[in-house]
Amino acid sequence: MAASTLLHHSLPLATDLATQRRLLVSPTAAPRRTCCSGRHRFAAAKQSCINFSRDQPRIMAAAQNIESEVFEETHEAERIDGKAIAQAIRKEVAAGVTELREKYGKAPGLAVVLVGARKDSETYVRNKKKVCEEVGIASFGETLAEDATEEEVLKIVQGYNADPAVHGILVQLPLPKHINEQRILDAVSFEKDVDGFHPQNIGCLAMRSRDPRFVCCTPKGCIELLERSGVPISGKSACVVGRSNIVGTPAAMLLQRRDATVTVVHSRTPNGQEICSKADIVIAACGKAEMITGDWIKEGAVVIDVGINAVDDSSKKLGYRLVGDVNFAEAKKKASKITPVPGGVGPMTIAMLVQNTLEGAQRTLSSEQ
């Protein structure tokens, strides 16, 4: 029987039950015609109680199903506007840079090291330089050929480590395969590690009562989105889908530092959907297009979608469209708040980078006084 039909047929029974219960509790409240009539009334009331008790679980389940169906048909999550929040942060950074110049006569400096000619990396570096110019941060950069040696890259990094005008160093990833990525990242001074990848920064992030110099930009951006959207974190259950060193693992640690109860779902988790569907906060960073479908999302949950994936779409001029790791069309019917792709987490990464650079300059210049 359909949920709505079961509930409809059950309503007279529930109404009758209320009357019958009153008769059971206070039989004198009913008209007393004959002794036989009273016995029949008592028996009917008793049978109604038995019937209702038997059907109650199905009635309640039917009501819940109808409520869920109506919720999904009429509800659409509030979109968290990453562009607007990132713009507000950039304005705050610009104000901080102006204050720093007035106080110390110096501007923060960010150095970017690019190896090779990947188009996506070149675009990203170009965008970083543009934002640096916007907020008043001095931009330094070195572009090396694809076949540059590991020692050449290390020499560039060490030069920026020693340069007092540089307060943040970023090595654009991925590096060519012949270069040991970990060795290069470890060579960046943790005091200038604005990407937050240095083992000392990650280690401090993992420890209570210890503060890292810098936090990884994208996970930090996720937390900023939650906090600036008024989403409470303390005491909430959170699920991070993905365990990468760049996003998933530091995101889980940041949530835990804010007193959330955190579960990390990854490729070896046997019941990922079940776990995720119970979470108040979901950060999706699994790198698989639209893997997180509607049945992964709890009603009223807040969803932060870190993923950005290109999927074929002949209706688009470029032949593809960008989607996240979350199936947006399905998730928005369940979530209370959700980030779109594009326009959600993406703009926050560079905003966090310039914020980290400003904070690094503030620490360095104040310690020199």
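Cut-offs applied
- Residues numbered from 1 in each chain as written.
- Predicted model: local features only at pLDDT ≥ 70, side-chain atom pairs only at ≥ 80, totals over all residues.
- Heavy atoms only, no water.
- Pairing = 2+ DSSP bridges.
- Helix = DSSP H or I, 4+ residues; strand = E, 2+ residues; numbered from the N terminus.
- Contact = heavy atoms within 4.5 Å.
- Axes fitted to C-alpha atoms, helices over the stretch in contact; angles between N-to-C directions.
- Parallel < 35°, antiparallel > 145°, perpendicular 65-115°, else oblique.
- Left-handed = near helix turned anticlockwise from the far one by under 90°.
- Nonpolar A, V, L, I, M, F, W, Y, C, P; charged D, E, K, R; others polar.
- Buried < 20%, exposed > 50% of the residue type's maximum accessible area, 1.4 Å probe, protein only.
- 1 Å grid on protein atoms, 1.4 Å probe; cavity = no way out; pocket = protein on both sides within 12 Å on 5 of 7 lines; lining within 4 Å.
- Points joined across faces, edges and corners; volume = space filled by probe spheres on them.
- Patch = residues over 30% accessible without salt bridge, like charges linked within 9 Å, V, L, I, M, F, W, Y side chains within 5 Å.
- Areas by Shrake-Rupley, 256 points an atom, 1.4 Å probe, with all protein chains shown as cover.
- Salt bridge = Lys/Arg side-chain N within 4 Å of Asp/Glu carboxyl O.

Comments concerning the sheet that holds strand β6 (residues 261–265)
Phase 1: Within the open sheet, the 6 strands sit side by side as β1-β11-β8-β7-β5-β6. Their pairing is parallel. Each edge of the open sheet is held by one strand with a lone partner, namely β1 (78–79) and β6.
Phase 2: Both β1 and strand β11 (residues 337–338) contribute to a ladder of 2 bridges, which runs parallel. Bridge assignment links Arg-79 to a residue of β11, and that residue is Ile-338.
Phase 3: The strands touched by helix α8 (residues 217–228) are β7 (281–284) and β8 (302–305); relative to β8, the strand with the most contacts, the crossing angle is about 150°.

Brief notes about the packing of helix α3 (residues 82–104) against helix α12 (residues 346–368)
Phase 1: Here α3 crosses α12 at 20°, and the two axes come no closer than 9 Å. The angle between the axes of α3 and α12 places the two elements in the roughly parallel class. In this structure, the crossing between α3 and α12 has a hand that is left-handed. Taken together, the residues of α12 that come into contact with α3 (itself represented by Gly-82, Lys-83, Ile-85, Ala-86, Ile-89, Arg-90, Val-93, Gly-96, Val-97, Leu-100 and Tyr-104) are Pro-347, Met-348, Ala-351, Met-352, Val-354, Gln-355, Leu-358, Ala-361, Gln-362, Leu-365 and Ser-366.
Phase 2: Residues belonging to the contact of α3 with α12 are distributed by class as follows: 15 nonpolar, 5 polar and 2 charged.

Observations regarding the side chain of Asn-327
Phase 1: By the secondary structure assignment, Asn-327 is in the loop between β10 (320–323) and α11 (328–331).
Phase 2: On the basis of relative accessibility, which here comes to 14%, the residue Asn-327 falls in the buried class.
Phase 3: Those residues in contact with Asn-327 that sit more than four places away from it in its chain are Glu-290, Ile-292 and Thr-293.

Re the layout of surface pockets
Phase 1: Computed from the structure, the largest pocket encloses a volume of approximately 1400 Å³.
Phase 2: Along its surface, the largest pocket is lined by 49 residues, and Tyr-124, Thr-218, Ile-308, Gly-346 and Thr-349 are the ones closest to its centre.
Phase 3: Contributing elements (two or more residues each) for the lining of the largest pocket: α3, α4 (119–135), β4 (168–171), α8, β9 (309–312) and α12.
Phase 4: With 8 residues, α4 is the single largest residue contributor to the lining of the largest pocket.
Phase 5: Residues of the lining of the largest pocket, tallied by class, amount to 28 nonpolar, 12 polar and 9 charged.

Overview of empty space enclosed by the protein
Phase 1: Under the criterion given, the structure shown has 1 cavity of 30 Å³ or more.
Phase 2: There is about 50 Å³ of room inside the largest cavity.
Phase 3: Around the largest cavity sit Ile-169, Leu-170, Val-171, Leu-185, Val-188, Asp-193, Asp-195 and Phe-197, which together line it.
Phase 4: If you tally residues by element for the lining of the largest cavity, the top one is β4, at 3 residues.
Phase 5: For the lining of the largest cavity, the class distribution of residues is 6 nonpolar, no polar and 2 charged.

Examining the environment of Lys-333
Phase 1: The residue Lys-333 is located in the loop between α11 and β11 in this model.
Phase 2: A sequence separation of 256 residues divides Lys-333 from Ala-77, and the C-alpha atoms of the two residues are 6.4 Å apart.

What about a nonpolar patch on the surface?
Phase 1: The grouping of Ile-308, Leu-318, Tyr-320 and Leu-322 at the surface amounts to a nonpolar patch, some 400 Å² of accessible area in total.
Phase 2: Its place among the elements puts Leu-322 in strand β10.

Some words on the pairing of strand β5 (residues 237–241)
Phase 1: Of all the 5 residues making up β5, 4 are buried; the element is thus mostly covered by neighbouring parts of the structure.
Phase 2: As paired elements, β5 and β6 share 5 bridges and run parallel to each other. Across the sheet, Val-240 pairs through a bridge with Val-264, a residue of β6.
Phase 3: Both β5 and β7 contribute to a ladder of 4 bridges, which runs parallel. Residue pairing for β7: Cys-239 is matched across the bridge by Val-282.

Things to note about the packing of α8 against helix α9 (residues 248–257)
Phase 1: Running from N to C, α8 and α9 point in directions that differ by 40°, and their axes come no closer than 8 Å. Here α9 runs oblique to α8, going by the angle between their axes. Pair α8 / α9 crosses with right-handed handedness. Contacts from Pro-219, Lys-220, Ile-223 and Leu-226 of α8 reach α9 at Pro-250, Ala-251, Leu-254 and Leu-255.
Phase 2: Tallied by class, the residues present in the contact of α8 with α9 amount to 7 nonpolar, no polar and 1 charged.

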